[in-house]
Amino acid sequence: MNKKEKKEVTEEEQNKEKKQYKKKKEREELEIPKGIDPWKPLELKIEDVGKRVLYDESSFATLFPKYREKYLQEIWKLVENILHEHGIECKLDLIEGSMTVTTTKKCWDPVAILKARDLIKLLSRSVPFEHAQKVLNDDYNCDIIKIGGFVRNKERFVKRRQRLVGPDGSTLKAIELLTKCYVLVQGNTVSAIGPWNGLVQVRKIVEDCLKNIHPIYNIKELMIKRELEKDETLKNESWERYLPQFKKTNQNKKKKVQRKKKDRDAAPFAPPQLPRKEDLAMESGEYFASEEKKRRKIQADREAKHAESEQKRKDERQKSQIAPAEKDRSTTTTTTSNIQDTLSNIKNNLKNNKRKETPTNNADDFILKKNKK
């Protein structure tokens, strides 16, 4: 390499180092001051946007159930007024049972049509208008969780869905307070409105509940995290040691399949194949007989079976007419000997139990004895 080329290389390396040093300095200068959230969305106003933003019309439509028809008719004027501010037109079709939102030339916010789509979705899922209109704000978002496909058994599904609500809605209220979201359980869906962090937590709680994990465990975890957030010393540390770890107690233990032991004495080869009907007919000679002979043989077999069944029926009929066998009433020697023994015992007892003769004391005898004295 020439001296000129070496100088050029060294100059380029020095320039690179200077550029890197400059970038580092710029980053240090651009540090975000305390108390400012860099992720907070900036509000968009009409003054910040040009005359015309959208050059094409876009629209969304959703169906709603029949029981929501009366409520939607009552609040539809409020929906029209709130969407008119964003330059969006909405229509309610009661014949088809649908709601549509479309952009107009006055629409100054390109995201407003997506927010309007979420609004009509929430209204169709029985969310009241007071809560559904919050979706139009930049800080709020919505999530409609489908829970119909988690459990097949309908009774089990209803029980697990009821766990989300809790007694007198206490579980649902606790979820709302911890996640800062509005949650509504309706049919096969769970509608949630709130900030992104809260929506992620709500989805986790709902999915775990339908997978047979009680929501109280997730609520406890959120409460502990809420307390840990207050402590500034734990910001850069892991919180796993503070969080509770729950284990399933009633696990479905699968029965161990007992493998059959192979018999050593069993034959190594498969058993011989059984003969077919054709093979048996060939051995007996029926296969080569004429059709007439085959027909006669079938007829003879049929008559033999008929005669045998007829004979069985006759025997069964005659069974009822046969008199039963009489029992032998011949006196045995044992009975006579027993009777004689009992008689002799009675006689002996009578002899032993005879009364002793007592002397009779008359008054005349007493008087005669006294006179003799």
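For clarity, every value in this text was computed on a predicted model and none was experimentally measured.

### Thoughts on helix α5 (residues 154-165)
Thinking step 1. Compared with an ideal rise of 1.5 Å per residue, which puts 12 residues at 16 Å, α5 spans 17 Å between its outermost C-alpha atoms and is within 8% of the ideal.
Thinking step 2. Those residues of α5 that are buried are in contact with α6 (170-179), β5 (182-186), β6 (189-194) and α7 (196-210).
Thinking step 3. Two or three places before E155, at the opening of α5, N153 has a side-chain oxygen 3.5 Å from that residue's backbone nitrogen.

### Considerations on the environment of D109
Thinking step 1. For D109, the position within the fold is in the loop between β3 (98-103) and α3 (112-124).
Thinking step 2. What makes D109 buried here is its relative accessible area of 13%.
Thinking step 3. Taking the C-alpha atoms as reference points, D109 and I46, separated by 63 residues in sequence, lie 8.1 Å from one another.
Thinking step 4. Engagement of the side chain of D109 in a polar contact is seen with the backbone nitrogen of V111, the distance being 3.2 Å.

### Here we look at the pairing of β5
Thinking step 1. Among the 5 residues that make up β5, 4 are buried, leaving the element largely enclosed by the rest of the structure.
Thinking step 2. Alignment of β5 against β6, held across 5 bridges, turns out to be antiparallel. In the sheet register, Q186 faces β6, and the bridge partner there is T189.

### Section: the confidence of the model for the chain
Thinking step 1. When pLDDT is averaged across the chain, the result is 82; 81% of the residues are at 70 or more.
Thinking step 2. In this model residues 21-25 is a low-confidence stretch, pLDDT under 50, and it forms 0 contacts with partners more than four residues away in sequence or in other chains.

### Describing the packing of α5 against α7
Thinking step 1. Running from amino to carboxyl end, α5 crosses α7 at an angle of 145 degrees, the nearest separation of the two axes being 9 Å. α5 and α7 meet at a crossing whose hand is right-handed. Contacts between α5 and α7 involve F157, R160, R163 and L164 from the first element and I205, V206, C209 and L210 from the second.
Thinking step 2. Grouping the amino acids of the contact of α5 with α7 by side-chain chemistry returns 6 nonpolar, no polar and 2 charged.

### Describing the nonpolar core
Thinking step 1. Of all hydrophobic cores here, the largest spans 29 residues; its most connected members are V79, L83, V101 and L123.
Thinking step 2. The element best represented in this core is α3, accounting for 7 residues.
Thinking step 3. The contacts of L83, once residues within four sequence positions are left out, are I88, C90, V101, A116, L119 and L136.

### Side note on the pattern of salt bridges
Thinking step 1. The final tally for this structure, using the stated rule, is 12 salt bridges.
Thinking step 2. Of the charged contacts, one joins D279 and R276 as a salt bridge, the two residues approaching to 3.3 Å between their closest N and O atoms.
Thinking step 3. For D279, a relative accessible area of 25% corresponds to the partly exposed category.
Thinking step 4. Between R295 and E292 there is a salt bridge, with the nearest N and O atoms lying 2.4 Å from each other. Here R295 pairs with E292, and both are found in helix α10 (residues 291-319), just 3 residues apart, close to one helical turn.
Thinking step 5. For E292, a relative accessible area of 35% gives the class partly exposed.
Thinking step 6. When salt bridges that share partners are traced, they join D143, R203 and E207 into one network.

### Overview of the sheet that holds β5
Thinking step 1. Spatially, β4-β6-β5 is the arrangement adopted by the 3 strands of the open sheet, whose pairing is antiparallel. The outermost strands of the open sheet, each flanked by one partner alone, are β4 (141-146) and β5. Taking each pair of neighbouring strands and ignoring which way they run, the sheet shows an average axis angle of 15 degrees.
Thinking step 2. Here 6 bridges tie β4 to β6, and the two strands are oriented antiparallel to one another. Paired with I145 across the two strands is V190, which belongs to β6.
Thinking step 3. Strands β4 and β6 of the sheet are contacted by α3, whose axis makes an angle of about 45 degrees with β4.

### Thoughts on the packing of aromatic side chains
Thinking step 1. Going through the model one piece at a time under the given rule, you end up with 1 aromatic pair.
Thinking step 2. Ring plane angle 85 degrees and centroid distance 5.5 Å describe the contact between Y287 and F288, whose orientation is recorded as edge-to-face.
Thinking step 3. Residue class for Y287 comes out partly exposed when judged on its relative accessible area of 40%.
Thinking step 4. A relative accessible area of 62% means that F288 is categorised as exposed.

Basis of the calculations
Residues numbered from 1 in each chain as written. Predicted model: local features only at pLDDT ≥ 70, side-chain atom pairs only at ≥ 80, totals over all residues. Heavy atoms only, no water. Helix = DSSP H or I, 4+ residues; strand = E, 2+ residues; numbered from the N terminus. Expected span 1.5 Å × (residues − 1). Contact = heavy atoms within 4.5 Å. Polar contact = N/O pair within 3.5 Å; in protein donor to acceptor, adjacent residues only side chain to side chain. Buried < 20%, exposed > 50% of the residue type's maximum accessible area, 1.4 Å probe, protein only. Pairing = 2+ DSSP bridges. pLDDT = per-residue confidence, 0-100. Axes fitted to C-alpha atoms, helices over the stretch in contact; angles between N-to-C directions. Left-handed = near helix turned anticlockwise from the far one by under 90°. Nonpolar A, V, L, I, M, F, W, Y, C, P; charged D, E, K, R; others polar. Core = buried A, V, L, I, M, F, W, Y, C linked by side-chain atoms within 4.5 Å. Salt bridge = Lys/Arg side-chain N within 4 Å of Asp/Glu carboxyl O. Phe/Tyr/Trp six-rings, centres within 6.5 Å; stacked < 30°, edge-to-face > 60°.

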